[in-house]
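Architecture and fold: a report
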Amino acid sequence: MSSTLLVYLHGFRSSPRSSKAVMTGEAVRALATKANPYEWYCPQLLASPKESMGMVISHIDQSMADRVVVIGSSLGGFYANYLAEKYGCKAIALNPAVHAARELAPHVGMMTAYDSDEPFDFRPEYIDELKALQVEKISDPSRYFLIAAKGDELLDWHEMVGFYPGAQHLVLEGSDHGIADYADYLPKVLQFISAK
């Protein structure tokens, strides 16, 4: 019996209630069998990148699962790179912010989340925390699956593709940063998760 811990990391200003997170969670639960159980972990990430990773690492280290798979969207994709390199596990990156410190530097200050009016302070030192988590180069492309949308209005898909040379790529002709048509590609995500 082999069990899998599936970690889903949402994007900046997002939450575990995002449509991709909810859809993926439901699909993963449906995949699980007695012989092949899945543990689903989709935490609300904190404003501090260092604290967010500390929380996730602590959960992974306490898990009894035989294997870990990380899925990350946008900033979550940046975190997924870090965790995949740390644990030598598989990662699925959905429109990842591959250089998060650079992308988020203009957003320092008071912010609100997309699905609540809860304010949070995105502090200057968080940019340094992101720099400390930066993966310069992935070590094993076969462990990565990138979904990048040419229609992403926030991030450059060319840069995403360039960051994962030799990895499995699914480049979407249109779509958007949130991958509004994600349901169409979810079967490919599940296939990558379940392939040993």
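Read on for an overview of the structure. (Residues numbered from 1 in each chain as written. Predicted model: local features only at pLDDT ≥ 70, side-chain atom pairs only at ≥ 80, totals over all residues. Heavy atoms only, no water.)

A positive phi is found at arginine 13, a non-glycine position, where the angle reads about 65 degrees. Mapped onto the elements, arginine 13 comes out in the loop between strand 1 (4-9) and helix 1 (19-31). For isoleucine 179, which is not glycine, the phi dihedral falls at a positive 50 degrees. Locating isoleucine 179 in the fold gives a position in the loop between strand 8 (168-172) and helix 7 (182-194). (Helix = DSSP H or I, 4+ residues; strand = E, 2+ residues; numbered from the N terminus.)

Take the pairing of strand 6 (residues 119-122) next. Residue alternation in strand 6 divides its side chains into a buried set, Phe120 and Phe122, and an unburied set, Pro119 and Asp121. Examined bridge by bridge, strand 5 (residues 109-112) and strand 6 share 4 bridges and lie antiparallel to one another. The residue of strand 6 that forms the bridge with methionine 111 is phenylalanine 120. The antiparallel hairpin formed by strand 5 and strand 6 contains 6 residues in its connecting segment. (Buried < 20%, exposed > 50% of the residue type's maximum accessible area, 1.4 Å probe, protein only. Pairing = 2+ DSSP bridges.)

Counting residues in hydrophobic clusters, the biggest one holds 44 residues, and the most contacted among them are Val7, Leu9, Val56, Tyr79, Phe122, Leu130 and Tyr164. Residue contributions to this core peak at 6 residues, all from helix 3 (residues 75-87). When residues no more than four places from it in sequence are discounted, the contact partners of tyrosine 79 are Leu9, Leu45, Pro49, Ser52, Met53, Leu130 and Leu133. Listed in part, the 25 residues of the second largest apolar core include Ile92, Ile147, Leu170 and Tyr182. (Core = buried A, V, L, I, M, F, W, Y, C linked by side-chain atoms within 4.5 Å. Contact = heavy atoms within 4.5 Å.)

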